[in-house]
Amino acid sequence: MDDLDDSRFPFLSGVAGVLVDGGGQVLAGTAAAERLLGLPVDRLRGRPLSDLVLAGGPRAADRTDGAIGGWRGRVTVRTGEDGEPAELDIRVLRLRGPDPRDRRAPRYVVLGATARQADRWRQDQAFTRELFLQDRFGLAVFDADLQIIRTNTHLLPYTGVPDDLAGRRLNDFLRTEDALALEVLLREVLRTGQPLVLGEELARTLVDPRSGRMMAISAFRLQATDGTVIGVTALFNDITEQYQARRRLALLHQVTASAGHSLSVGDNARHMADALVIGFADVAAVEVAAAVSTGEEPVPEEDGRLLLRRIAVAGPPEARPPLGDTVLVDEDGLSEPEDPAQAWAITVPLIARGVLLGRISVSRERWKDAFVEEDRALMRELAARVALALDNARRYTREHRAAIGLQRSLLPPAVRSVAAVSTASVYLPTDTVGGVGGDWFDVIPLSSARVALVVGDVTGHGLHASATMGRLRTAVRTLADLDLEPDELLVHLDDLVAQLLVEAALVADVDEEGAEGPAEPPQPGPVPPARPEPGSFGGTCLYAVYDPVSRICTVASAGHPPPAVAYPDGSAAVLPVAPGPPLGVGGLPFESTPVELPEGSVLALYTDGLIERGDGDIDAGTAELLRRLAAVRGLEVPLREAGQRLVAGLPPTRLHDDVTLLLARTKTVPPADTAVWSVEPDPAAVARVREDATATLDRWGLGELAFTTELVLSELVTNAIRYAGGPVVVRLIRADTLTCEVSDGSSTQPRMRRARLTDEGGRGLYLVAQLTRRWGSRYTSSGKTIWTEQELPQ
């Protein structure tokens, strides 16, 4: 008989087999038997099988023809030439012919393997059997075409999953998109042989419209003994609860982070609503008391109920409640008793520091999963955190509005026209956490039809910066009334800021000394504002004086960006101003720069927030400002519209600093509207001055002012001749008022005093003050100039 061929029995790979007759003699054997017994088949053939057995085997009673067939057990056999013992696990099978009446001697096949290998086979069988009996996870075997061959008893115990899945595909019972996602993972395992470990995919059945179950999938490829890929096995573990817990935690972090990034009540509410409709609810609405949006603390009605207004909604447009609707709620944030059976909606109050600010409501469609207690606990935690963010935004809004109100109340009108210039301004407050900055500007009419243009920037933000801005603006106006040169004015302003810095440092020292004592318990109520830092009194300033008679603009800077000018010919440039030190540095000089400006030039004074463009690139911002300034100058648009065009899109991102822009279109006083006379230091020359002044006023059509002007000039010229000597210069200027100037070489300032009844003099300046709208004097390089202004007749 030929030897047995292993290839004919691939399912017996690794199993040794010998063919024996009824007397126990070996007739043939497999190659595996040769390897297991260590003897070639030729040495085994014809040999009694009992010669190889050392121990074990069927008992004598079991060796009957009927009993020995099917015997299995463990024996010890000789192996190799030296007869080394080996323990085998064997099974005896009787061979039967196709004709049961065949009475020839029976034959048997003895199958054997090492005891270790047999134990491993039994363990594998037990493991596979128990694996398919488990109900804590799903198990499915797919063929190479991803058709289900076998599953355990509890693959997916959900609505819409058939009891018998053999021969089905995933898309027969799962939604197309879910089945496709799962098949992509399994095909990758089939293609690469790389096991999949805990891949997460959603499983939703075709007949169940709810949110489905999140499954953790592990898979490995199945191969035959010859390496042929025959399928893939997948394990499905339901991790829906863990997945939802992670989603809740992620939502909590997302809402907390977004709430901490904004100090806007509306932004916080919108962020909250938008976050809640991503995988948690279908519709979300945030309602707050109207007072919260304006920075005030909500106050309930007389009946204890609070009026709320809906300020943020999210969800499908057809399901959203309308914005702006109002509702009265009790102190628990509910407008009516909550229905315990309402499992698809949650309403939680927004309470911060014991004050009800509003409420949040979420809902799901009824065919979806209802909210569970963990969802309600999440909403309560979210509401607590969002309520604190809203309260912080409310407090910030209150201070922000107060600072803006204070700052705007301290600034001049946005549009103004005087004899020297027409002006328009734009002020954009910052949107930073610190609050509005300390930017300011001013238009100050000076004597002799001149005007002072001022723009400044105080260090810091908030109410302290606004208050400091008000102090500096008042100081500049006071110094401007003295008609100081720009560089001299900045020297005095610098001294003032240095004094403020010293005072702030002393206050800080006193506070530190007081802090060393016993700490007082915190008091309820709003947190008091912190004291200003010493550096919050510093800043920059640009001061320019424009004379419409000479068309000279004299500019001095204390660490401030230089002004830009658009000329009538369409060009634009930055004025070459010598930059001085910022205010408060002290000990360094300032320099005035005179520049002649043609009539109709547009002068732009601004703060650094305009040219920093949000990214700090000052050169690029300045170039863009010049380009826009030249463009709006060529359009001949009103200054207010020009200002809006200059700041449109500047900066392109969120404002990090205040943006202040002051535009001034220059005017001129024609030579025909001025008259100048040199007066000899002789009292007799006063009469000639009166005559010349009267003739000039008649030529200007101002004869109504002749009598008053004669009296004023007589008094001022007489005083100049009497107390200063010569030379004396008289000038008349017709602009928006009639200006009379008398200049002399004395540096002694005149002073109005109260004359007694017995005094013969001392009433001249009093008469001048009564006859004119205002009067004053200023120092010049050669002495002083006394001036008066009279209203022009209508």
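As the structure is a prediction and not an experimental result, all values here were calculated from the model. Chains are numbered independently. Their residues run from 1 in the order of the written sequence. For a predicted model such as this one, the threshold for reporting local features is a pLDDT of at least 70, and the threshold for listing and counting side-chain atom pairs is 80 or more; totals across whole chains, interfaces and linings nevertheless cover every residue. In computing side-chain properties, one takes all heavy atoms of the structure into account and sets aside hydrogens as well as water.

## Some thoughts on the overall build of the protein chain
A run of DSSP states H or I qualifies as a helix once it reaches four residues; a run of E qualifies as a strand once it reaches two. Both are numbered from the N-terminal end. A tally of regular secondary structure across the protein chain gives 17 helices and 33 strands. Type-normalised accessible area, obtained with a 1.4 Å probe on protein chains alone, sets the label of each residue: buried when under 20%, exposed when over 50%, and partly exposed for intermediate values. Taken over 794 residues, the protein chain has a buried fraction of 44%. Whether two residues are in contact is decided by their heavy atoms, any of which lying within 4.5 Å being enough. Counted over contacts in the protein chain with a minimum sequence separation of 6, partners at least 24 positions apart contribute 62%. Accessible surface for the protein chain amounts to roughly 40500 Å². Of this, 53% is attributable to carbon and sulfur atoms. Surface accessibility follows the Shrake-Rupley procedure with a 1.4 Å probe radius. Residue values consider only the protein chains on display as shielding.

## Looking at helix α17 (residues 764-771)
Looking at α17, one finds that the buried residues are G764, L765 and V768. For α17, the buried positions fall inside an angular range of 90° around the axis, keeping them on one side. Turning to α17, the residues buried within the fold contact α16 (706-723), β32 (774-780) and β33 (783-791). The directions from the helix axis to the C-beta atoms form the arc being described.

## Looking at the sheet that holds strand β4 (residues 72-79)
Strands are treated as partners if at least two bridges between them are detected by DSSP. Strands sit in the order β2-β1-β6-β5-β4-β3 across an open sheet of 6 strands; the sheet is antiparallel. Only two strands of the sheet have a single neighbouring strand rather than two, namely β2 (26-29) and β3 (53-55). The sheet shows a mean angle of 40° between the axes of neighbouring strands, taken without regard to direction. Examined bridge by bridge, β3 and β4 share 2 bridges and lie antiparallel to one another. Considered in β4, the bridge of A55 is made with T76. Axes here mean lines fitted to C-alpha atoms, for a helix over just the part in contact, with angles spanning 0 to 180 degrees between N-to-C directions. This element, helix α4 (residues 115-133), spans β4, β5 (84-95) and β6 (107-114) of the sheet and lies at about 90° to β6.

## Some words on unusual backbone geometry
A positive phi angle, near 60°, is found at L146, a position not held by glycine. Structurally, the position occupied by L146 is in the loop between β7 (138-143) and β8 (148-151). Backbone geometry places D483, a non-glycine residue, at a positive phi of 55°. When its relative accessible area of 9% is taken as the criterion, D483 is described as buried.

## Topic: the sheet that holds strand β10 (residues 213-223)
Judged by pairing direction, the sheet is antiparallel, and its 5 strands sit side by side in the order β8-β7-β11-β10-β9 without closing on themselves. The open sheet is flanked by β8 and β9 (196-203), the only strands paired with a single partner. Strand after strand, the sheet turns through a mean of 30° between neighbouring axes, direction not considered. Summarising the sheet, β7 and strand β11 (residues 229-238) pair through 6 bridges and their orientation is antiparallel.

## Re the layout of surface pockets
The method works on a 1 Å grid over the protein atoms by themselves. A cavity is a set of points holding a 1.4 Å probe that cannot get out, a pocket is an open set with protein on both sides within 12 Å along at least five of seven lines, and residues with an atom within 4 Å of a point line them. Grid points are joined across faces, edges and corners, and a volume is the space filled by probe spheres set on the points. Roughly 960 Å³ of internal volume is contained in the largest pocket. Around the largest pocket, the lining comprises 37 residues; the ones closest to its centre are S211, Q244, G279, R364 and D369. Residue assignment for the lining of the largest pocket shows that the elements contributing at least two residues are β9, β10, α6 (240-260) and α9 (373-410). When residues of the lining of the largest pocket are assigned to their parent elements, the largest contribution, 8 residues, is made by α6. In the lining of the largest pocket, the residues fall into 15 nonpolar, 8 polar and 14 charged. In this classification, Asp, Glu, Lys and Arg are treated as charged, Ala, Val, Leu, Ile, Met, Phe, Trp, Tyr, Cys and Pro as nonpolar, and every other residue, Gly included, as polar.

## Looking at a nonpolar patch on the surface
A residue counts toward a patch only above 30% relative accessible area and without a salt bridge, and it is joined to like-charged neighbours within 9 Å or, for Val, Leu, Ile, Met, Phe, Trp and Tyr, to nonpolar neighbours within 5 Å. We define a salt bridge as a side-chain nitrogen of Lys or Arg found within 4 Å of a carboxyl oxygen belonging to Asp or Glu. Together, F707, L711, Y766, L767 and L771 make up an exposed nonpolar region whose accessible area comes to about 510 Å². Secondary structure elements with two or more residues in the nonpolar patch: α16 and α17. The residue L711 is located in helix α16 in this model.

## Thoughts on the pairing of strand β15 (residues 345-352)
For β15 and strand β16 (residues 355-363), the ladder comprises 8 bridges, and the chain directions are antiparallel. In the strand pairing of β16, A352 is matched with V355. The antiparallel hairpin formed by β15 and β16 contains 2 residues in its connecting segment, where R353 sits at a positive phi of about 55°.

## Things to note about the packing of aromatic side chains
Centres within 6.5 Å make a pair out of two Phe, Tyr or Trp rings, where for Trp the six-membered ring is used; the pair is then stacked when the planes are under 30 degrees apart, edge-to-face when over 60, and tilted otherwise. Evaluated as defined, the whole model comprises 1 aromatic pair. Measuring from ring centre to ring centre gives 5.5 Å for F280 and F371, while their planes differ by 40°; the resulting arrangement is tilted. Taken together, the positions of F280 in the loop between α7 (265-276) and β12 (283-289) and F371 in the loop between β16 and α9 put the pair 91 residues apart, joining distant regions of the chain. F280 gets classed as buried once you look at its relative accessible area, which sits at 7%. On the accessibility criterion, F371 (6% relative accessible area) is buried.

## A few points about the nonpolar core
One broad trend across soluble globular proteins is that nonpolar side chains are buried collectively. Membership of the largest hydrophobic core comes to 50 residues, with the highest contact counts inside it found for W440, L453, L490, L493, Y543 and L603. Here L490 is in contact with C541, Y543, A556, S557, A558, L583 and F590, once residues within four sequence places are set aside. Each nonpolar core is a collection of buried residues, namely Ala, Val, Leu, Ile, Met, Phe, Trp, Tyr and Cys, held together in the definition by side-chain atoms within 4.5 Å. Within the second largest apolar cluster, 41 residues are counted, among which are L251, M272, V286 and V386.

Fair warning: the whole summary comes from geometry, so function is off the table for now.
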